[in-house]
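Secondary and tertiary structure notes
This is what each chain is made of:
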Amino acid sequence: MTADQNGDGADRAPLQQEENAMSKLGQVVESVENYNRFVLDQVKRARTDQKFGRDLLGRWNDTKAKIPVTRTPTGLSLPRLALPEIDEPGEIARFIFGEGLPGEFPYLNAAYREMYLEPIREIESFEKNGEKTGKKIPQPEEPTRLFSGLMLAEDTNERFHYLTRHQRTHRLSTAFDGPTLYGLDSDADGVFGKIGEGGVAIDTVEDMVRLYDGFDLGSPNFSASMTISGPAPMIMAMYIAAAKRRFGPKVVPKLRGTVQADIFKEVQAQNETIFPIEPSLRFLTDMVEFTTREMPRWYPISISGYHIGEAGSTPVQQAAYTLSNGFAYAEMFAARGIPVDQFGPRLSFFLDCGLDAEYIALSRVSRRIWAIGMREVFGAGPRAQLCKLHTQTSGRSLIAAEFKNNLTRTATELILSYMNATNSCHSNSADEPFTTPSEEWIRLAAHGQAILLEESGIFKHTMNMLSGSPGMKAVERAVEAAILEEFREIERLGGVLSAVEERYQRSQIQNAAHRYEQQIYDGTRPIIGLNKYRDGDDDAPEVKLARTPRAKQQLQVDRVRKFKKKNAEKAKRALDELAAVAERGKNVFPALLEAAEVCSLGQITGRLQEVVGRFRPMV
């Protein structure tokens, strides 16, 4: 497709510039509405301008003719890309400009041209010789991301190695325990019983070295994702320090992965932040500024709707708050002077996928809105227009009653996630209502993705296999309209930060959570095995709980105390320098990198809190 076909040329939808009267989010609403009118104009033009219509039809036919053909194991020939069977210029214009081919603006169908597909095999040689060719067929990167975090660093490391035994690419996502999420050390008062519970305890760079021991952190086949926001800059600095200890300073530009670091969703849904909002956003921007410059393969923020969804939001609220938070971050980073085409490609997103009808198209619509807003409002180029998305199946949908049904729930959510062309995915384990997943259930969760992507033929032969049904299109239209309405309300309140201060997002999430529970209680939301088709057995199943032994918790306390004693003098100097930089208003991240070598997480958090204060949770 040419530039004007995918909407990047002279026919692009104009944005009415009202910089003084309208915030960036208001401009996003207007840009999406303008773009929708632009699409309708192109449909009309294709039907009235014969030359334009003929050109579109010719290019459409040329595109279809160039689509490779693949063959299933049963011998069925299929196109590598499925396109609608249309030959009317207006409908072709509606598809090209309104949806775009996979990998083309506005990216409704996919961020990239090919995702999940098997490599094209040498079919002719297959048929002539009756055997595989000697050529090595390149294997695509698996979209499966494996999530773990339990007890101490070495325990999680052992689980990581277990999970990746059959993976070509190692995409690890790490859960941290409560003290770590709040920037506390394991020897802090009142946290002993929480050490290693619900996630891994990380206090020092030495713990970070243990956590990823045996993995090549600089390899293109390795990426690390860290699910932490409040102390994200400190944890990120520790990760860099650990990588340098193992592989030397030259590894830093090669590091690949993401750290969550999403402050807005914390104050909207979770409260796991440690500094007041403005200093938190400043430290985040400091980290983004450094990593954008020094670490071209790293995503320094994962703008997270998952926790908004888990806190009780509706699917539309989840997408609307996530996208509006993303646009607010983009505005903040641009104000720091970071070029949009530098930070834009390094933004990533994280959404929930549940069982409601909205999830048929929620991620597709989010990708389209993000692309239009970034291009029209922020002037972003193609790479910065991409909404690169990680999806996790819904934890809230997992039910303790007859918990084996959770396998079916998660499998359904996986299909919806891949229908939406997610870039990576994590599948929850059926036993999560009770405990940190056991090896048995986490293996079944990972195999669920392998069965869908490798054993079934739903996604591995053809792009767009399940896209574009009338029902999906109806959901797309309804979801987009509802998201834009949420944007208008946030705009009316003065933008994302003002809405946060008014507790708008938080109150809406709480109201939605109450309605959700009420619907379960009164039966309007059927939950199989809980309020419908129960077998009458209320006995809790026998599930082995994952708990951290007291001896391990004491070991972690002893380790952090030994680290502090060993580095006491160096830590004092590093903390003094960090505080001085923070007080001067300079970028604190280089000083954090120095402090991470000799200071514990709690020492760094405590010293910065002396400078900028503590976060007061929103109730």
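Below or above, wherever it landed, is the structure these notes cover. (Residues numbered from 1 in each chain as written. Predicted model: local features only at pLDDT ≥ 70, side-chain atom pairs only at ≥ 80, totals over all residues. Heavy atoms only, no water.)

Concerning the packing of helix H8 (residues 232-247) against helix H23 (residues 589-598)
The angle between the axes and the distance between the axes are what describe a pair of packed helices. Running from N to C, H8 and H23 cross one another at 60°; their axes reach a closest spacing of 8 Å. Relative to H23, H8 is oriented oblique. The handedness of the crossing between H8 and H23 is right-handed. Contacts between H8 and H23 involve Pro 233, Met 234, Met 236, Ala 237, Met 238, Ile 240, Ala 241 and Arg 245 on the former and, on the latter, Phe 589, Leu 592, Leu 593, Ala 596 and Glu 597. Taken together, the residues that form the contact of H8 with H23 break down as 11 nonpolar, no polar and 2 charged. (Axes fitted to C-alpha atoms, helices over the stretch in contact; angles between N-to-C directions. Helix = DSSP H or I, 4+ residues; strand = E, 2+ residues; numbered from the N terminus. Parallel < 35°, antiparallel > 145°, perpendicular 65-115°, else oblique. Left-handed = near helix turned anticlockwise from the far one by under 90°. Contact = heavy atoms within 4.5 Å. Nonpolar A, V, L, I, M, F, W, Y, C, P; charged D, E, K, R; others polar.)

Things to note about the nonpolar core
Grouped together as the largest cluster of nonpolar side chains are 154 residues, with contacts concentrated most on Met 208, Tyr 212, Met 226, Tyr 239, Phe 327, Ile 483 and Phe 487. At 11 residues, H8 tops the list of elements feeding residues into this core. Contacts of Met 226, omitting those with residues within four sequence positions, involve Thr 174, Phe 176, Met 208, Tyr 212, Ile 235, Met 236, Tyr 239, Thr 258, Val 259, Gln 260 and Trp 298. (Core = buried A, V, L, I, M, F, W, Y, C linked by side-chain atoms within 4.5 Å. Buried < 20%, exposed > 50% of the residue type's maximum accessible area, 1.4 Å probe, protein only.)

Looking at the packing of aromatic side chains
One pass over the structure, following the stated rule, counts 26 aromatic pairs. A ring pair is formed by Tyr 239 and Trp 298, whose centres lie 5.3 Å apart and whose planes are at 40°; its orientation type is tilted. On the criterion of sequence distance, the pair formed by Tyr 239 in helix H8 and Trp 298 in strand S7 (residues 298-299) is long-range, its members being 59 residues apart. The two residues Tyr 239 and Trp 298 agree in class, both being buried. Between the aromatic rings of Phe 333 and Phe 343, the centroid separation amounts to 5.6 Å while the plane-to-plane angle is 75°, which identifies the pairing as edge-to-face. One end of the pair, Phe 333, is in helix H12 (residues 315-336); the other, Phe 343, is in helix H13 (residues 340-343), with 10 residues separating them in the sequence. We classify Phe 343 as buried; its relative accessible area is 1%. Taken together, the aromatic side chains of Phe 160, Tyr 212, Phe 215, Phe 222, Tyr 239 and Trp 298 make up a single cluster linked through ring pairs. The cationic tip of Arg 45 hangs over the ring face of Phe 52; the distance from NZ or CZ to the ring centre is 3.8 Å. Positioned above the aromatic ring of Tyr 299, the side-chain terminus of Arg 346 is 4.3 Å from the ring centre. (Phe/Tyr/Trp six-rings, centres within 6.5 Å; stacked < 30°, edge-to-face > 60°. Lys NZ or Arg CZ within 6 Å of the ring centre and 35° of its normal.)

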